[in-house]
Amino acid sequence: MDNDIKINIKDLNLFIGNKHILKNINISIPNKKLTVILGPSGCGKTTLLKTLNRLTDLYPEVKVKGNIFIDNEDILHTNKNITEIRKNMGLLSQQPYPLPMNIFRNVTYGLRISGRRNRKILKNRVEHYLKQVNLWDEVKDRLKDSASQLSIGQQQRLCLARGLAVDPEIILADEPTSALDPISSQTIENEFLTFNGNYTIIVVTHSLRQAKRIADYVIFMYLGEVIEQNSADEFFNNPKEEKTKEYLKGIFN
């Protein structure tokens, strides 16, 4: 695979029962760039994101056909353990889900279950990743407090730190700021911009403004299909497809 491409999706179709949800998806996601999957609610954005770490496997009624190559490995047709595939991806949901334990143990959870238990190393990792998400100064004296005591914006940054601590190559984010206040939203966006160049980041959003602020590359979906994909500059300033032009003008959302 081209070194500039991290994920290559070919002829991907997804069905829930008899309902055709994702239709002939063919996209290439650039390596170590921030890609936004954009489109109105219900167009298949989140479902597409879930195929990337095979969360769709959790639903027996879901059938997936096609290929998803991450680097040179087709993760839909591999003998690799699904846990290994998911370990390579940090995941941020719409609502933050801190684990029911203290702040310190939230960050080290993934490290500990993979066998890394040296206390000094864990302490250093916690400080490093909390600093990376701009949370350390706010919680450094509260590491033994329950994560549930944090504000929702702090919880989202904690979940991001937890995902980063296991050294993923890919960050998947599903409407990661939709439940946050404007200041917390801006903080998360700024973190993504800071990480850019170190991770392949894929953000699902229906916010045009957010996409314009953060995207290097844009994939536009409508009714389960990819309508257009291009660099953010080309997508916003020189859209090719009529449906894209209508969406950018706000004719539908």
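Quick summary incoming for the structure in this document.

What counts, and at which threshold
- Residues numbered from 1 in each chain as written.
- Predicted model: local features only at pLDDT ≥ 70, side-chain atom pairs only at ≥ 80, totals over all residues.
- Heavy atoms only, no water.
- Core = buried A, V, L, I, M, F, W, Y, C linked by side-chain atoms within 4.5 Å.
- Buried < 20%, exposed > 50% of the residue type's maximum accessible area, 1.4 Å probe, protein only.
- Contact = heavy atoms within 4.5 Å.
- Helix = DSSP H or I, 4+ residues; strand = E, 2+ residues; numbered from the N terminus.
- Phe/Tyr/Trp six-rings, centres within 6.5 Å; stacked < 30°, edge-to-face > 60°.
- Pairing = 2+ DSSP bridges.
- Right-handed = clockwise from strand over helix to strand, strands pointing away.

**With respect to the nonpolar core**
Move 1: One finds Leu130, Phe192 and Phe195 to be the most contacted residues of the largest nonpolar core, which totals 44 residues.
Move 2: In contact with leucine 130, other than residues within four places in its own chain, are Ile103, Val107, Leu135, Trp136, Val139, Leu143, Leu158 and Ala161.
Move 3: Ile37, Leu48, Leu49 and Met221 belong to the second largest nonpolar core, which has 27 residues in total.

**Considering the side chain of lysine 6**
Move 1: Note on placement: lysine 6 falls in strand E1 (residues 5-16).
Move 2: Given a relative accessible area of 5%, lysine 6 falls into the buried group.

**Focus on the environment of leucine 55**
Move 1: Take leucine 55: it is sitting in the loop between helix H1 (45-52) and strand E4 (62-70).
Move 2: Residues leucine 55 and asparagine 118 lie 63 residues apart in sequence; the distance between their C-alpha atoms is 31 Å.
Move 3: Apart from the residues within four sequence positions on either side, leucine 55 is in contact with Lys50, Arg86 and Leu91.

**Quick notes on the packing of aromatic side chains**
Think of a pair of aromatic rings as described by two things: how far the centres are apart, and how the planes are tilted against each other in angle.
Move 1: All told, the structure shown has four aromatic pairs when counted by the stated rule.
Move 2: Between phenylalanine 235 and phenylalanine 236 the ring centres are 5.1 Å apart and the planes differ by 90°, which places this aromatic pair in the edge-to-face class. Both residues of the pair, phenylalanine 235 and phenylalanine 236, belong to the buried class.
Move 3: Grouped by ring-pair contacts, the aromatic residues Phe220, Phe235, Phe236 and Tyr247 constitute a single cluster.

**Remarks on the pairing of strand E7 (residues 170-174)**
Move 1: The element E7 is extensively covered by neighbouring structure, given that five of its five residues are classed as buried.
Move 2: Neither face of E7 is exposed, since Ile170, Leu172 and Asp174 on one face and Ile171 and Ala173 on the opposite face are all buried.
Move 3: Bridge count between strand E6 (residues 89-92) and E7: four bridges; the pairing is parallel. When the bridges of E7 are listed, leucine 91 appears paired with leucine 172.
Move 4: Direction of pairing for E7 relative to strand E8 (residues 200-205): parallel, over a ladder of five bridges. In the strand pairing of E8, leucine 172 is matched with isoleucine 202.
Move 5: Following the chain from E7 across helix H7 (residues 182-195) to the adjacent parallel E8, one finds a crossover that is right-handed.

Just geometry here; none of it tells us what the structure is for.
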